[in-house]
Amino acid sequence: MHNPNGRPGEWIIDETVAKVNDIAADLVRTEPEFADYRATLEDATLMSRHEKLREKVFVPVRPLDFYLQAFQDAGFSVLHVFEETIFARVDEWYDLLRTYHDGVLSWVGGSEKVEGRPPSAEDVRRRLFLIKYSLEKLFPGQDSFRAPGPT
């Protein structure tokens, strides 16, 4: 959830997934090594289907009020909301993204859930490279990043 009191430089963990996608897309657009994936990037309808898959795996960030209202609508009373910043390790986050790579960059090589065929082993290798590269660009030289949130 989006913390309205979040500080600069803090990342909502799931928010990093969209940024990884953006960084990877930029690399695919500019580097000859990834030219095979450009047609998919240029197909807005297909990319929309891949985005829907990503949002099933990594729920879009919503404002705190969305969740507070959902609790109230369900008959609960919110007694207290407080914030806590955690430090998320970049290598551990990569391990999780690697596990769910089909939900992170499914457009790199395709997805059985979108196109009806799984990506090749080479596509998965490139996908994992793009995820790792994107995290390194997002968090250069960092072992961890601050991840805030109401708890």
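Residues numbered from 1 in each chain as written. Predicted model: local features only at pLDDT ≥ 70, side-chain atom pairs only at ≥ 80, totals over all residues. Heavy atoms only, no water.

Caption draft 1: Local environment of the side chain of T16. The residue T16 is located in helix α1 (residues 15-30) in this model. Classification of T16 by relative accessible area gives buried; the value is 0%. With near-sequence residues (within four places) excluded, T16 lies in contact with W11, W93, L138, F139 and F145. (Helix = DSSP H or I, 4+ residues; strand = E, 2+ residues; numbered from the N terminus. Buried < 20%, exposed > 50% of the residue type's maximum accessible area, 1.4 Å probe, protein only. Contact = heavy atoms within 4.5 Å.)

Caption draft 2: Inspection of the pairing of strand β2 (residues 144-147) at higher detail. Side chains of β2 alternate between two faces, with F145 and A147 buried and S144 and R146 left unburied. Both strand β1 (residues 86-89) and β2 contribute to a ladder of four bridges, which runs antiparallel. Within β2, the residue paired with R89 across the bridge is S144. (Pairing = 2+ DSSP bridges.)

Caption draft 3: Quick peek at the side chain of S134. Inspection of the secondary structure assignment puts S134 in helix α7 (residues 121-138). With near-sequence residues (within four places) excluded, S134 lies in contact with V20, I23 and A24.

Caption draft 4: Summary view of a nonpolar patch on the surface. On the surface, a nonpolar cluster with roughly 350 Å² of combined accessible area is contributed by F71, F76, V78 and V81. Note that F71 resides in helix α4 (residues 64-73). Here F71 falls in the partly exposed class, since its relative accessible area comes to 45%. (Patch = residues over 30% accessible without salt bridge, like charges linked within 9 Å, V, L, I, M, F, W, Y side chains within 5 Å. Areas by Shrake-Rupley, 256 points an atom, 1.4 Å probe, with all protein chains shown as cover. Salt bridge = Lys/Arg side-chain N within 4 Å of Asp/Glu carboxyl O.)

Caption draft 5: Representation of helix α5 (residues 90-99) in the model. Buried within α5 we find V90, W93, Y94 and L97. Along the axis of α5, the buried residues cluster in a sector spanning 105°; they form a single face. For α5, the elements touching its buried residues are α1, β1, α6 (101-104), α7 and β2. (Arc of directions from axis to C-beta.)

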